[in-house]
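Residues per chain are reported as follows:
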Amino acid sequence: MAIMYGCPNSDQVFDICVIGSGPAGLAVALTCGRRGHSVIVLEAGDQKKASLALDSADVLDSTTHAPLHVSTRVGFGGTSSAWGGLCVPYDPIDFSRRSWISAPEWPISHDEFTRWRVEAARFLGCGETFDDTGSIAIRNEDLDSGQFGRLARRNALGKVYYTAVATSRSVTVCMGVRALNIICDSTGSQVVGVDTSAGSVSKRVLARRIVVAAGGLRTTQLLLALAQAWPRHFQSNTAPLGKYYMGHLTGEIAALVLDNPRDAAAYLYNRDPDGHWFQRRLKLPPSLQEMERVMNTAFTLRAPMLNDPRHRDGALSALALLAPALHKVSLAKSERLRAAAVGQRSSDRLLHLRNIIAQAFTTMRNLSAAAVRRRIGHLPFMTLNSAGRYALRYHAEQAPNQYSKVSLGSKNASRLTIDFQYTHVDVDSVVRSHESLDKSLRKLGIGRLEYIVPRDQCHDAVSNQARDGYHQIGTTRMSDNPLEGVVDRNCRVHGFANLYVASASALPTSGSANPTLPVVMMALRLADHLQNTIAR
Ligand SMILES: Cc1cc2nc3c(=O)[nH]c(=O)nc-3n(C[C@H](O)[C@H](O)[C@H](O)COP(=O)(O)OP(=O)(O)OC[C@H]3O[C@@H](n4cnc5c(N)ncnc54)[C@H](O)[C@@H]3O)c2cc1C
């Protein structure tokens, strides 16, 4: 049995020790294990099923950053037991230096990184086609609608990979084992093992190579502790470690109204012949981002506000009328249903009824189809509506900012202090990206934006909705220059011959993509690098 509670009793020196069994840790461990290397995985969670976060951290501003028990999970499979499963690749522009924002250039190219995309997509089970090469896609100087976001089919990776790990001869997963400190040899340039605790039992696990894959924040915490133990050695690293903490800005400030309501079919969730769900994303092409001096933002369609009967969607009107009842019996976990349950205007009820009666058959069909899709695909509730009117959700890049950071607590070094900050640059970029998208949609005859907040309050609305902590990017960023980054192009921590990071914390920019697909690509690339170093 390769999954056990606590550490093995032997003093075996493993080829590779991986800290964390989330998507990144599992990708490295399983790949290296398949190649015959002995791998030990230390996982702080003590259940097969993920429980809530191991301990807390001090979040300085809870309006912009979720608490860790909400934004992370411990246990086999890590936070994949809670994630939404949306897989999106980074764009070429995310890798390049841009004169209009302070984002660094990656030390590797987009083309090189993309070599691990298919393997990562297979690992996550989301289907492999992210670029639409068909005739519907628009890719010109005004608009890019040629990228898909894809949903992982079975998203809790602990379940997906349990048998593979349990039957592996090379991989040992130690549950309930928390990595406390990474241990160096007397020179401080080689790591030799990890001090751990499992309940009241302490043990040093020995390995030739250590991969820290403990999620963005806990990975940074372990490196900050190492820097504290080796200040002299880490001096050159103190600049970037823990800094440039990024996530994304998400929310809605506008509705998209399509000139031809039927066009919406291409922008809702669709299913490919292999049964994978995907959704088209709308973006500003790189030349337009440069001209408007904005960052990368992806827009996707969502169901319109239920309460607003102008959507002329019978299924949504039925839900709007039922929302107060659904909300009471707590069937309504959805934020939209919750919002619809309060503040409904009685004058709108007649209009909702009119929507239902006018399309009784379509209403029934759409309601049952959407219920099935939600059950099997965990999809947002969305149907085609005859007004061509949809909520427009943005998922926007955040610029690296050295004052957005994490550090060890001043009173208690085992607690993390999280000082996560958005700036006006982030917020302004989102507002101006909407304005630019609106111009492009009108110019191309596709549709227009209708703002759902007064125009002079858009900045406040974006700022009020900005909250992350789920995407933990940038705090051990990659750069070939140790003064600008914590890990090199191979994810090796600068100054250490055999210490590596597999985490979103190593991504130098946040792009408009959700991070897990890129993180798994990075982890698989690292597994190949480790294979090369072991073979040498
Ligand atoms: C509600 C929610 C929805 C999300 N939706 C999406 C989405 O749709 N798309 C997307 O791309 N991303 C999404 N994410 C983010 C996604 O879950 C993470 O990007 C992903 O899980 C990161 O993988 P990881 O392996 O780096 O870290 P994790 O999955 O966090 O795994 C880290 C593991 O390390 C363990 N660990 C931590 N510290 C220690 C230690 N000291 N010793 C031993 N073990 C330790 C933890 O217990 C955990 O099991 C979502 C997250 C949440 C919370």
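Scroll up for the structure.
Residues numbered from 1 in each chain as written. Predicted model: local features only at pLDDT ≥ 70, side-chain atom pairs only at ≥ 80, totals over all residues. Heavy atoms only, no water.

A.B. asks: Looking at this structure, how should I read a nonpolar patch on the surface?
C.D. replies: On the surface, Leu350, Leu353 and Ile357 cluster together to form a nonpolar patch covering roughly 340 Å² of accessible area. With respect to the helices and strands, Ile357 occurs in helix 12 (residues 346–358). (Patch = residues over 30% accessible without salt bridge, like charges linked within 9 Å, V, L, I, M, F, W, Y side chains within 5 Å. Areas by Shrake-Rupley, 256 points an atom, 1.4 Å probe, with all protein chains shown as cover. Salt bridge = Lys/Arg side-chain N within 4 Å of Asp/Glu carboxyl O. Helix = DSSP H or I, 4+ residues; strand = E, 2+ residues; numbered from the N terminus.)

A.B. asks: Can you walk me through helix 15 (residues 458–465) in this structure?
C.D. replies: The α-helix advances 3.6 residues per turn, and as a result positions three or four apart in sequence lie on the same side. Among the residues making up helix 15, those that are buried are Cys458, Ala461 and Val462. Taken end-on, helix 15 shows its buried residues confined to a sector of 95 degrees, consistent with a single buried face. On its buried face, helix 15 is in contact with strand 13 (248–258), strand 17 (389–397), helix 14 (424–443) and strand 20 (447–451). (Buried < 20%, exposed > 50% of the residue type's maximum accessible area, 1.4 Å probe, protein only. Arc of directions from axis to C-beta. Contact = heavy atoms within 4.5 Å.)

A.B. asks: Is there a simple way to explain the side chain of Thr363 in this structure?
C.D. replies: Among the secondary structure elements, Thr363 is positioned in helix 13 (residues 360–377). Residues contacting Thr363, with those up to four places away along its chain left out, are Gly314, Ala315, Ala318, Asn355 and Ile356.

A.B. asks: Whenever I open this one, the sheet that holds strand 19 (residues 416–419) confuses me. Can you help?
C.D. replies: Adjacent strands of a sheet form backbone hydrogen bonds with each other and so pair up, either parallel or antiparallel. Judged by pairing direction, the sheet is mixed, and its three strands sit side by side in the order 5-19-18 without closing on themselves. The open sheet terminates on both sides in strands that have one partner only, identified here as strand 5 (58–59) and strand 18 (405–408). In the sheet, strand 5 pairs with strand 19 via two bridges, with the strands oriented parallel. Bridged to Asp58 within strand 19 is Thr417. Sitting on the sheet, helix 7 (residues 216–229) touches strand 18 and strand 19, and the angle it makes with strand 18 is about 50 degrees. (Pairing = 2+ DSSP bridges. Axes fitted to C-alpha atoms, helices over the stretch in contact; angles between N-to-C directions.)

A.B. asks: Is there a simple way to think about the site of the ligand in this case?
C.D. replies: In the vicinity of the ligand lie 34 residues, with Glu43, Thr79, Gly84, Leu86 and Thr516 positioned nearest. At 2.9 Å, a backbone N or O of Ala179 approaches a nitrogen atom of the ligand. Note that an oxygen atom of the ligand is positioned 2.9 Å from one of the side-chain N or O atoms of Thr516. The protein chains hide 91% of the 990 Å² of surface that the ligand would expose on its own. Among the elements of the structure, helix 1 (23–34), strand 3 (39–43), helix 2 (68–71), strand 6 (73–74) and strand 10 (178–184) are those that each provide at least two residues to the shell around the ligand. Taken together, the residues of the shell around the ligand sort by class into 16 nonpolar, 14 polar and four charged. (Near = heavy atom within 4 Å. Polar contact = N/O pair within 3.5 Å; in protein donor to acceptor, adjacent residues only side chain to side chain. Nonpolar A, V, L, I, M, F, W, Y, C, P; charged D, E, K, R; others polar.)

A.B. asks: So what exactly am I meant to see when it comes to the pattern of salt bridges here?
C.D. replies: Side chains carrying opposite charge are able to pair once their charged atoms draw close together. A complete count under the given rule lists 24 salt bridges for this structure. Two residues, Asp195 and Arg204, come together in a salt bridge whose shortest N-O distance is 2.7 Å. On the basis of relative accessible area, Asp195 is assigned to the partly exposed category, the value being 23%. The class for Arg204 is partly exposed, based on a relative accessible area of 42%.

A.B. asks: Please clarify how the packing of aromatic side chains should be interpreted in this entry.
C.D. replies: Aromatic rings in a pair are described by how distant their centres are and how their planes are angled relative to each other. What the rule picks out here adds up to ten aromatic pairs. Between Phe76 and Tyr162 the ring centres are 6.0 Å apart and the planes differ by 85 degrees, which places this aromatic pair in the edge-to-face class. A residue pair is termed long-range when its members are at least 10 positions apart, and Phe76 in the loop between strand 6 and strand 7 (86–87) and Tyr162 in helix 6 (residues 162–166) qualify at 86 residues. Considering the side-chain rings of Phe95 and Phe113, the 5.7 Å spacing of their centres and the 55 degrees angle between planes classify their relative orientation as tilted. In this pair, Phe95 sits in the loop between strand 7 and helix 3 (110–114) while Phe113 sits in helix 3, placing the two residues 18 residues apart along the sequence. On the accessibility criterion, Phe95 (4% relative accessible area) is buried. An aromatic cluster of three or more residues is present, and its members are Tyr90, Phe95, Trp106 and Phe113. Over the ring of Tyr244 we find Arg477; its NZ or CZ atom is 3.8 Å from the centre of that ring. Lying across the ring of Trp116, Arg525 places its NZ or CZ 5.8 Å from the centre. (Phe/Tyr/Trp six-rings, centres within 6.5 Å; stacked < 30°, edge-to-face > 60°. Lys NZ or Arg CZ within 6 Å of the ring centre and 35° of its normal.)

These figures come from the coordinates and say nothing about function on their own.
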